[in-house]
Amino acid sequence: MKKLEHIGIAVKDLDAANVLFAKLFGRPHYKIEEVEKEGVRTSFFDLGNVKIELVAATRPDSAIAKFIEKRGEGLHHLAFESEAIETEMQELKAKEFTLLSEKPFAGADNKNVAFIHPKTTNHVLVELCQERN
Ligand code: ZN
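Residues numbered from 1 in each chain as written. Predicted model: local features only at pLDDT ≥ 70, side-chain atom pairs only at ≥ 80, totals over all residues. Heavy atoms only, no water.

A.B. asks: What is the right way to look at the overall build of the protein in this model?
C.D. replies: Of regular secondary structure, the protein possesses 3 helices and 8 strands. Along the chain direction, N to C, the helices and strands of the protein fall in the order β-α-β-β-β-α-β-α-β-β-β. Taken over C-alpha atoms, the radius of gyration comes to 14 Å for the protein, in line with the 14 Å a tight globule of 133 residues would show. Per-residue burial for the protein yields a buried fraction of 43% across its 133 residues. Summed over its atoms, the accessible surface of the protein is roughly 7,700 Å², and 54% of this surface lies on carbon and sulfur atoms. When the 19 basic and 22 acidic side-chain charges of the protein are each reduced to a single mean position, those positions are 2 Å apart. (Helix = DSSP H or I, 4+ residues; strand = E, 2+ residues; numbered from the N terminus. Rg over C-alpha atoms; globule rule 2.2 N^0.38 Å. Buried < 20%, exposed > 50% of the residue type's maximum accessible area, 1.4 Å probe, protein only. Areas by Shrake-Rupley, 256 points an atom, 1.4 Å probe, with all protein chains shown as cover. Lys, Arg positive; Asp, Glu negative; His and termini not counted. Charge placed at Lys NZ, Arg CZ, Asp CG, Glu CD.)

Right, dumping it as structure tokens:
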């Protein structure tokens, strides 16, 4: 696991949150991307050393919709860059972390991603991400 790549924030209304965070950061988001399969629409802000990903649900059965229903909007996940995501997933399993999927899958921002179950990480949802080439 390498450096912090981005911080994910769950929001109800992506357009309103884009305006709010642009005001906070003093710069606009640089992309919006929908990940159909995950039922999310995301936007990204580049703060130089780290990115901020806003995540909103596009349908009620999406994991983000359920998260917001249970815990409200706010901090959702920390994403760390990986150079060999599949190997790292095996290593994490061997260290008794619970992964949310068997294999990495296609996430936003041209990344393959995998998540560690928050029950094994003090309730912090951790994402591993690796640039897709
Ligand atoms: Zn993310």
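After that view, the rundown keeps rolling.
A.B. asks: Looking at this structure, I do not really get the nonpolar core. What am I missing?
C.D. replies: Grouped burial of nonpolar side chains is what soluble globular proteins tend to show. Ile7, Ile9, Val11, Leu14, Ala17, Phe21, Phe25, Phe45, Ile52, Leu54 and Ala56 together form the largest nonpolar core, which totals 11 residues. Elements with a contribution of two residues or more to this core: strand S1 (4-10), helix H1 (14-25) and strand S4 (51-57). Looking at this core, the element that brings in the most residues is H1, giving 4 residues. In contact with Phe45, not counting residues within four places along its chain, are Asn18, Phe21, Ala22, Phe25, Arg27, Pro28, His29, Tyr30, Val50, Lys51, Ile52 and Leu54. (Core = buried A, V, L, I, M, F, W, Y, C linked by side-chain atoms within 4.5 Å. Contact = heavy atoms within 4.5 Å.)

A.B. asks: How do you make sense of the coordination of the zinc ion when you look at a structure like this?
C.D. replies: When four donors bind a metal tetrahedrally, each ideal donor-metal-donor angle is 109.5 degrees, and when six bind octahedrally, the ideal angles are 90 or 180 degrees. Donor atoms from the polypeptide that coordinate the zinc ion comprise His6 (NE2), Glu53 (OE), His77 (NE2) and Glu127 (OE), at 2.1 to 2.2 Å from the metal. Considering all 4 donor atoms around the zinc ion, angles at the metal cover 85 to 164° and the coordination shape is irregular. Site description for the zinc ion: donor spacing in sequence, H-x46-E-x23-H-x49-E. Here the residue His77 occupies a position in strand S5 (residues 74-81), and Glu127 occupies one in strand S8 (residues 126-131), the gap between them amounting to 50 residues. An identical accessibility class is assigned to His77 and Glu127; each is buried. (Donors = N, O, S within 2.8 Å, 3.2 Å for Na, K, Ca; no water. Tetrahedral: all angles 85-135°; square planar, octahedral: opposite > 155°, others 65-115°.)

A.B. asks: In this structure, what is going on with unusual backbone geometry? I would like to understand it.
C.D. replies: For residues besides glycine, phi is generally negative; the peptide bonds are generally trans as well. Not every positive phi belongs to a glycine, and Asn122 is a case in point at roughly 50°. Within the secondary structure layout, Asn122 lies in the loop between strand S7 (111-116) and S8. A residue is classified by how much of its surface remains accessible, and Asn122, at 72% relative accessible area, is exposed. At His123, a position not held by glycine, the phi torsion is positive, near 70°. Along the polypeptide, His123 turns up in the loop between S7 and S8.

A.B. asks: Could you clarify how one ought to interpret helix H2 (residues 63-71) in this entry?
C.D. replies: The α-helix advances 3.6 residues per turn, and as a result positions three or four apart in sequence lie on the same side. The set of residues buried in H2 consists of Ile64, Ala65, Phe67 and Ile68. Taken down its axis, H2 places every buried residue within 160° of arc, on the same side. Exposed residues lying more than 90 degrees from the buried face of H2 are Ala63, Glu69 and Lys70. Looking at the packing, one finds that the buried side of H2 touches S1, strand S3 (40-46), S4 and S5. Of the residues flanking the end of H2, it is Gly72, one or two places downstream, whose phi is positive at about 85°. (Arc of directions from axis to C-beta.)

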